[in-house]
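# A closer look at the structure
Spelled out from the first residue to the last, the chains are:
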Amino acid sequence: MTTAQTQELDVQPTPLALLLLGREADPRSERGVECPGDLPSPSDPDLVERARAAKEKLGSKVFVLGHHYQRDEVIRFADVTGDSFKLARDAAARPEAEYIVFCGVHFMAESADILTSEDQKVVLPDLAAGCSMADMATAEQVAECWDVLTEAGIAEQVVPVSYMNSSADIKAFTGKHGGTICTSSNAKRALDWAFEQGEKVLFLPDQHLGRNTAVRDMGMSLEDCVVYNPHKPNGGLTAEELRAAKMILWRGHCSVHGRFSLDSVNDVRERIPGVNVLVHPECKHEVVAAADYVGSTEYIIKALEAAPAGSKWAIGTELNLVRRLANRFAPEGKEIVFLDKTVCFCSTMNRIDLPHLVWTLESLAEGNLVNRIEVDKETEAFAKLALERMLALP
């Protein structure tokens, strides 16, 4: 990409952007960490049996968590499935398990390490399974943002609220500055709490969840929201704009949910008369506004469980889950399609495949601890404080 193209796209290179996925070594990043060890061939016909045998050998010493967006070949070996926070809490509720194998992405494994005991070891089958959204807010960038808010004279009025989909560093920043964590299902409760503590919220790192919650669920206007761009001086905002805003949204987004457009909604309504459009709140505001239903991953699953036979649904979330739901409810006559014509998996979630899982389980069965995710004590303490504030929400 040329310099002119970079300027046109309003993108500035950062150290993280220069890391090739799965290359180099940066354990504090959501990506860019090469996975050691020799993986079995993906064409090995014995992979399923090898995974089953290794898991059986480990017995109660291992607890396998599978996020909803994982491949079916991995989900079949999960002891529990769910969204990121549910899985982290499930891990904490199994103190007898020495190894927590988290089939998800890096920030999820960090959260599990924060919430589990010191005796438990959290393992991520592929260290390069990260989250592009979480990488859009680094500790250095957020500290600089806080300096900008301080210079504008509003830092004391601002309460940080960070989405679960953030690194341990960002969760720790949030805890240290009196804020809380939220999930896509309790974001309104978290924001209600935050506005009881202060006059403004710094919402990290997903601008869409923050905007949708503030406008759709809390009755704010789009003018109440400004977007802080960490690649621009002072976030691209004047002190006056910061002082006038209620919601200071970090310029981050989910690469999967961000791809859905208003055209996607209009197109599916034309193609499938009577279709119900159900999307995740990480989608853009215009998509959420045009949808019939909006909710978290767990909400989407429950909505389809309760849907009448013969109903038609277009789902705006990750394809692995949509395809699994379509197969699950097909016998009930429910038609479930992906919202966009172009299919899109979460590329980093898909790094956790059967070869990586087999390598992980066999290594643990042989007594070799691999790919441990361990959050340092200071970061853990402040991050846990933010998580505990979320757990205490009314």
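Look a little higher up for the structure.
A brief report on the enclosed structure follows. A quick note: this is a predicted structure, and the numbers were derived from the prediction, not measured.

### Overview of the overall build of the chain
Tallying secondary structure elements over the chain gives 18 helices and 14 strands in all. For the chain, the C-alpha radius of gyration of 21 Å lies close to 21 Å, the compact-globule estimate for 394 residues. In the chain, of all internal contacts separated by at least 6 residues, the share reaching a separation of at least 24 is 67%. Charged side chains in the chain number 41 positive and 59 negative. The centres of these two groups are separated by 4 Å.

### Some details on the sheet that holds strand β5 (residues 158-163)
Taken in spatial order, the five strands make up an open sheet running β6-β5-β7-β9-β8, and their pairing is parallel. Looking along the sheet, the strands with just one partner apiece sit at the ends: β6 (180-182) and β8 (225-228). Between one strand and the next, the sheet's axes are offset by a mean angle of 25 degrees, whatever the strand orientation. Both β5 and β6 contribute to a ladder of three bridges, which runs parallel. Pairing of V161 across the sheet is with T180, part of β6. Each of β5, β6, β7 (200-204) and β9 (247-250) is contacted by helix α10 (residues 187-197), which is oriented at about 165 degrees to β5, the strand it contacts most.

### Looking at the nonpolar core
In terms of nonpolar packing, the biggest core is built from 105 residues, with V101, F203, M247, V279, I336, L339 and L361 touching the most fellow members. Among all residues touching I336, those that are not within four sequence positions of it are L304, W313, I315, V322, L325, A326 and F329. A137, V142, Y228 and W250 belong to the second-largest nonpolar core, a separate cluster that totals 21 residues.

### Topic: helix α18 (residues 377-391)
In an α-helix there are 3.6 residues to a turn, and that puts residues three or four apart on one side. Here α18 spans 20 Å end to end across 15 residues, near enough to the 21 Å set by a 1.5 Å rise per residue. T379, E380, A383, A386, L387 and M390 are the residues of α18 that are buried. The buried residues of α18 all sit within an arc of 130 degrees when viewed along its axis, so they share a single face. Every exposed residue of α18 that faces more than 90 degrees away from the buried side is listed here: K377 and E378. Contact partners of the buried residues in α18: α5 (84-92), α6 (106-115), α9 (168-176) and β6.

### Overview of the sheet that holds strand β10 (residues 276-279)
Spatial ordering of the open sheet is given by β11-β10-β12-β13, a layout of four strands whose pairing is parallel. The two strands at the open ends of the sheet, each matched to only one other strand, are β11 (293-294) and β13 (335-338). Note that β10 and strand β12 (residues 312-316) share four bridges and pair parallel. Bridge pairing in β12 links V277 to A314.

Rules behind the numbers
All residue numbers refer to position in the chain's written sequence, counted from 1. In keeping with the model being predicted, local features are shown solely for residues with a pLDDT of at least 70 and side-chain atom pairs are shown and tallied solely at 80 or more, while totals for entire chains, interfaces and linings include all residues. To get the side-chain values, take all heavy atoms of the structure and skip hydrogens and water. Think of it this way: any DSSP run of H or I at least four residues long counts as a helix, any run of E at least two long counts as a strand, and we number them from the N terminus. Our radius of gyration is a C-alpha quantity, and the globule rule it is checked against amounts to 2.2 Å times the number of residues to the power 0.38. By the convention used here, residues are in contact when the closest approach between their heavy atoms is within 4.5 Å. In this tally, Lys and Arg are treated as positive and Asp and Glu as negative; His is ignored, and so are the chain termini. To locate a charge, take NZ of a lysine, CZ of an arginine, CG of an aspartate or CD of a glutamate. DSSP bridges decide pairing: two strands pair if at least two such bridges lie between them. Angles here are taken between N-to-C directions and fall from 0 to 180 degrees, while the axes themselves are lines fitted to C-alpha atoms, restricted in helices to the stretch in contact. To form a nonpolar core, buried Ala, Val, Leu, Ile, Met, Phe, Trp, Tyr and Cys residues must be joined to one another through side-chain atoms within 4.5 Å. Categorising residues by exposure relies on relative accessible area from a 1.4 Å probe, with only protein chains included: less than 20% of the type maximum marks a residue as buried, more than 50% marks it as exposed, and the intermediate range marks it as partly exposed. Multiplying one less than the number of residues by 1.5 Å gives the expected span of a helix. The arc under discussion is defined with respect to the helix axis, by the directions toward the C-beta atoms.

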